[in-house]
Amino acid sequence: MITVERVYLDTNVFIMLSEKTHRLQQLLVKMISAQPVSKPQMFATSELTLSELLVKPHQTGDDTLIEGYESLILNSEWLDVRTVDRGVL
């Protein structure tokens, strides 16, 4: 059996969770909610993900989606959000 310590969630995962009704949506919700909140968090993403998520809502003026993404990425205890710097890039 393989043990996974961290899972990186890319932009498309957050879009599936928030914007689209997708067959994987329920599985993603189950996967995330099944994990206890711990330090270090099992799930990680980067500030780059947030910047990618905000492009379309800013273009369409969808303030509700903007606030939702900002809250999800910046305030979720289950998610480790990493800064992207030159060394990472």
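Just above, that's the structure.
A quick note: this is a predicted structure, and the numbers were derived from the prediction, not measured.

A. Local environment of the packing of aromatic side chains. Applying the stated criterion to the full structure yields one aromatic pair. Ring centres of F43 and W78 lie 6.0 Å apart, and the angle between their planes is 80°; on these two criteria the pair is classed as edge-to-face. One end of the pair, F43, is in strand β2 (residues 43–46); the other, W78, is in the loop between α4 (63–75) and β3 (79–82), with 35 residues separating them in the sequence. What makes F43 buried here is its relative accessible area of 2%.

B. Representation of the pattern of salt bridges in the model. Summed over the entire model, instances satisfying the criterion amount to two salt bridges. Among the ionic pairs, R6 bridges to D80, the shortest N-O distance being 2.6 Å. Placement of R6 in the segment before β1 (7–8) and of D80 in strand β3 is noted, with a sequence separation of 74 residues between them. R6 gets classed as partly exposed once you look at its relative accessible area, which sits at 35%. Notably, a salt bridge pairs D80 with R82, separated by 2.8 Å at the nearest N-O pair. Classification of R82 by relative accessible area gives partly exposed; the value is 47%. Connected through salt bridges with shared partners, the residues R6, D80 and R82 form a single ionic network.

The rules behind these values
Residues numbered from 1 in each chain as written. Predicted model: local features only at pLDDT ≥ 70, side-chain atom pairs only at ≥ 80, totals over all residues. Heavy atoms only, no water. Phe/Tyr/Trp six-rings, centres within 6.5 Å; stacked < 30°, edge-to-face > 60°. Helix = DSSP H or I, 4+ residues; strand = E, 2+ residues; numbered from the N terminus. Buried < 20%, exposed > 50% of the residue type's maximum accessible area, 1.4 Å probe, protein only. Salt bridge = Lys/Arg side-chain N within 4 Å of Asp/Glu carboxyl O.

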